[in-house]
Amino acid sequence: MDHAADAHRTDLMTITRHVLNEQTKHPESRGDFTILLSHIVLGCKFVCTSVNKAGLAKLLGLAGEKNVQGEDQKKLDVLSNEVFVKALISSGQTCILVSEEDEEAIFVDPALRGKYCVVFDPLDGSSNIDCGVSIGTIFGIYMVKDKNEVTINDVLQSGKNMLAAGYCMYGSSCTLVLSTGSGVNGFTLDPSLGEFILTHPNIKIPKKGKIYSVNEGNAKNWDGPTAKFVEKCKFPEDGCSPKSLRYIGSMVADIHRTLLYGGIFLYPADKKSPDGKLRVLYEVFPMSFLMEQAGGQAFTGKQRALDLVPTNIHQRSPIFLGSYDDVEELKALYAAEERNA
């Protein structure tokens, strides 16, 4: 990348311009989707600013309540959730919202309803807030059949019906990665302009990676295929170099690195969490959507992740996602175990 040339570039592809360009490919489009995305982008900018000044604003530490998952809620979680709920409702394009922080789905007032439902984790990795590790927002967008007859089943769809998905990572820079179903693009917030600029066009994950990402502290509770796969990463049988372990513990940061550098991210089911730990609707589906759009794979240990059909809004699932060949190798181990069962 020629950074000197980039510094003088005046033809900037902002996220708004990018989404409007995409819109022109759909002559029937009325701009509703573009409006919705612009409200999500606004929410991301607000949360980014809040994360950056969290210590100064005394936003760090516990808000004193536990969320629906039984996790202690941070003040920033509460704030981020309010920001996104208000931004999404005020867009006039949503009819149902599912947030990690709210036990029940939010049904938008009929007068403000649009045709989209948004599932989101307003601040993923929030336990890392106090130590300055990258955290992020994850979101996915579905369309409903009839905005006047909305039920919870409009959200309980398989991930392959998602129209768009993305995440915004608040770290050394603020990066928004988005797919509307035709590839994956990354945008970085330029604070001087207050705009997200296209910095990572058409992200493609390498076919095979040199990194694996998993919480090895849970190793004694893993199933056979996961344990075998990690063993092969550390002690390859084909004479290759071992893979490097990188695990941040913030899903957005771990997936972002996996997308750019290749490799595999594993969050298996284990004896402690037999259904897995990550939530299907607003963690597994959006990240699996992005990974497939970038040429990778996402697998639950039993099936393609996007083929899952959740039965409740906070359902959990094991997930393995990353480079095509790495996930293929893991799938072979699960298939072998099934044959021998």
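Residues numbered from 1 in each chain as written. Predicted model: local features only at pLDDT ≥ 70, side-chain atom pairs only at ≥ 80, totals over all residues. Heavy atoms only, no water.

An unreviewed UniProt entry lists the chain under the name Fructose-1,6-bisphosphatase, cytosolic, with Phoenix dactylifera given as the organism. UniProt lists a comment for the chain under the heading Subcellular location (unreviewed entry), and it reads "Cytoplasm". Regarding the chain, the UniProt comment filed under Sequence similarities (unreviewed entry) reads as follows: "Belongs to the FBPase class 1 family." (UniProt positions renumbered as here; feature names shortened; annotations may be inferred.)

(A) Structural context of the overall build of the chain. Assigned secondary structure in the chain consists of eight helices and 17 strands. By the compact-globule yardstick of 20 Å for 341 residues, the chain fits well, its C-alpha radius of gyration being 20 Å. With respect to the three principal axes, the spread of C-alpha positions in the chain is 55 × 50 × 45 Å. Counting over 341 residues, the chain shows a buried share of 53%. Per element, the accessible surface of the chain, about 15700 Å² overall, is 52% carbon and sulfur. Each charge sign in the chain was given a centre, from 36 positive and 42 negative side chains, and these centres are 2 Å apart. (Helix = DSSP H or I, 4+ residues; strand = E, 2+ residues; numbered from the N terminus. Rg over C-alpha atoms; globule rule 2.2 N^0.38 Å. Buried < 20%, exposed > 50% of the residue type's maximum accessible area, 1.4 Å probe, protein only. Areas by Shrake-Rupley, 256 points an atom, 1.4 Å probe, with all protein chains shown as cover. Lys, Arg positive; Asp, Glu negative; His and termini not counted. Charge placed at Lys NZ, Arg CZ, Asp CG, Glu CD.)

(B) Representation of the nonpolar core within the structure. Grouped together as the largest cluster of nonpolar side chains are 45 residues, with contacts concentrated most on Y167, L281, F285, M287 and I319. Looking at this core, the elements that each hand over two or more residues are β3 (94-99), β5 (116-124), β6 (135-143), β7 (164-170), α6 (251-261), β13 (264-267), α7 (280-293) and β17 (319-322). The contact partners of F285, leaving out residues within four places of it in the chain, are Y142, Q157, S158, G159, M162, V280, A305, L306, L308 and P310. Counting 36 residues, the second largest nonpolar core, distinct from the first, contains I15, L88, F139 and F187. (Core = buried A, V, L, I, M, F, W, Y, C linked by side-chain atoms within 4.5 Å. Contact = heavy atoms within 4.5 Å.)

(C) Structural detail: the sheet that holds strand β12 (residues 244-245). Taken together, five strands build an open sheet; the order of strands is β12-β11-β13-β17-β15 and the sheet is mixed. Two strands bound the open sheet, and with one partner strand each, they are β12 and β15 (297-299). The strands touched by α7 within the sheet are β15 and β17, with β17 carrying the most contacts at an inclination of about 25 degrees. (Pairing = 2+ DSSP bridges. Axes fitted to C-alpha atoms, helices over the stretch in contact; angles between N-to-C directions.)

(D) Spotlight on the UniProt feature "domain: Fructose-1-6-bisphosphatase class 1 C-terminal" (unreviewed entry) in the chain. Using the residue numbers shown here, the UniProt feature "domain: Fructose-1-6-bisphosphatase class 1 C-terminal" (unreviewed entry) corresponds to residues 205-334. Along residues 205-334 one finds 36% helix and 15% strand; the C-alpha atoms at either end are 23 Å apart.

(E) Representation of the sheet that holds β3 within the structure. Sheet architecture is open: eight strands sit in the order β4-β3-β5-β6-β7-β8-β9-β10, paired in mixed fashion. Here the strands that pair on one side only, and so sit at the sheet edges, are β4 (106-107) and β10 (195-200). Both β6 and β7 contribute to a ladder of seven bridges, which runs antiparallel. The partner of I141 across the bridge, within β7, is A164.

(F) Representation of a positive patch on the surface. Where like charges cluster on the molecular surface, the positive patch consists of K220, K271, K272 and K277. Within the secondary structure, K272 sits in the loop between β13 and β14 (278-279). (Patch = residues over 30% accessible without salt bridge, like charges linked within 9 Å, V, L, I, M, F, W, Y side chains within 5 Å. Salt bridge = Lys/Arg side-chain N within 4 Å of Asp/Glu carboxyl O.)

(G) Representation of the side chain of S99 within the structure. Here S99 shows up in strand β3. Look at S99 and you get buried, because its relative accessible area is 2%. Reaching out from S99, the side chain makes a polar contact with the side chain of N81 at a distance of 2.6 Å. Engagement of the side chain of S99 in a polar contact is seen with the backbone nitrogen of E101, the distance being 3.0 Å. (Polar contact = N/O pair within 3.5 Å; in protein donor to acceptor, adjacent residues only side chain to side chain.)

(H) Region of interest: the packing of helix α5 (residues 224-234) against helix α8 (residues 324-340). Where α5 meets α8, the axes come as close as 9 Å, and the angle between the chain directions of the two elements is 140 degrees. Regarding the angle of α5 to α8, the classification is oblique. Every pair of crossing elements has a handedness; the one defined by α5 and α8 is right-handed. Where α5 approaches α8, its residues G224, P225, T226, K228, F229 and K232 are matched on the opposing element by D326, E329, L330, L333, Y334 and E337. Of the residues belonging to the contact of α5 with α8, the class tally is five nonpolar, two polar and five charged. (Parallel < 35°, antiparallel > 145°, perpendicular 65-115°, else oblique. Left-handed = near helix turned anticlockwise from the far one by under 90°. Nonpolar A, V, L, I, M, F, W, Y, C, P; charged D, E, K, R; others polar.)

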